[in-house]
Amino acid sequence: PWWARWLERRLERPSRASRLHALTSEIRHLLSEPARLTGIAFVTFNEQRAAFACLHELGSTPLRSDEDAIPLLLSARFAEDPDSILWENLEISERERLLRGMAVSFALLVLCLVSTAAIVAVTNYSVVQGLDGKGTLQTTIWTTCIIIISNVTIFKLVDYFAKEVEVYPSADARETAMTAKMLFFQLL
């Protein structure tokens, strides 16, 4: 009976207590690992003029400590909305982000060129079939499907690459980059 299958599935599920215990142990494990330095600090000010003074001072002079002969270069900017910051991505350096972005852009360019070649080929085939009087509804449908699949593939991969490979420091930066890439590849 249906209720026996429902009860069996219900009993197979982990209880809330066991899930909470698993999450607690995972959090303890993560807290025990040493944290990587991100090179980023968030500073708050009580007054806006103090923030502007700090921005002005940091922009004009590299700092130097007495123990170190190497100048400490600091830069400052106004922080993004805390809800937009992707905290887990802050440990990725700007250089690594740049390299990842270049690799993704190259992969998308190659995919776009292959996709364009496929679209041109099926469009030419469809036109030739139509001019020869052999064009059928089937030809139109499968050529249209190839065009749609090519475009959808690019859009889905841009989203995947932006979230999983490029790892932007904030959701706003990620969305802006995704929009720019999609626009670029559509205009290409």
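Residues numbered from 1 in each chain as written. Predicted model: local features only at pLDDT ≥ 70, side-chain atom pairs only at ≥ 80, totals over all residues. Heavy atoms only, no water.

**Quick word on unusual backbone geometry**
The phi torsion of most residues other than glycine is negative, and most of the peptide bonds are trans.
So, point 1. Despite not being glycine, Val167 shows a phi value in the positive range, around 45 degrees.
So, point 2. Counting through the fold element by element, Val167 comes out in the loop between α5 (137-164) and α6 (171-187). (Helix = DSSP H or I, 4+ residues; strand = E, 2+ residues; numbered from the N terminus.)

**What to know about the packing of aromatic side chains**
So, point 1. Considering all chains together, one arrives at 3 aromatic pairs under this definition.
So, point 2. With centroids separated by 5.6 Å and ring planes inclined at 45 degrees, the aromatic side chains of Tyr125 and Trp142 adopt a geometry described as tilted. Highlighted residues: Tyr125 in helix α4 (residues 94-131) and Trp142 in helix α5, separated in sequence by 17 residues.
So, point 3. Owing to a relative accessible area of 38%, Tyr125 belongs among the partly exposed residues under this scheme.
So, point 4. For Trp142, a relative accessible area of 36% corresponds to the partly exposed category. (Phe/Tyr/Trp six-rings, centres within 6.5 Å; stacked < 30°, edge-to-face > 60°. Buried < 20%, exposed > 50% of the residue type's maximum accessible area, 1.4 Å probe, protein only.)

By themselves, these observations are geometric and do not establish any function.
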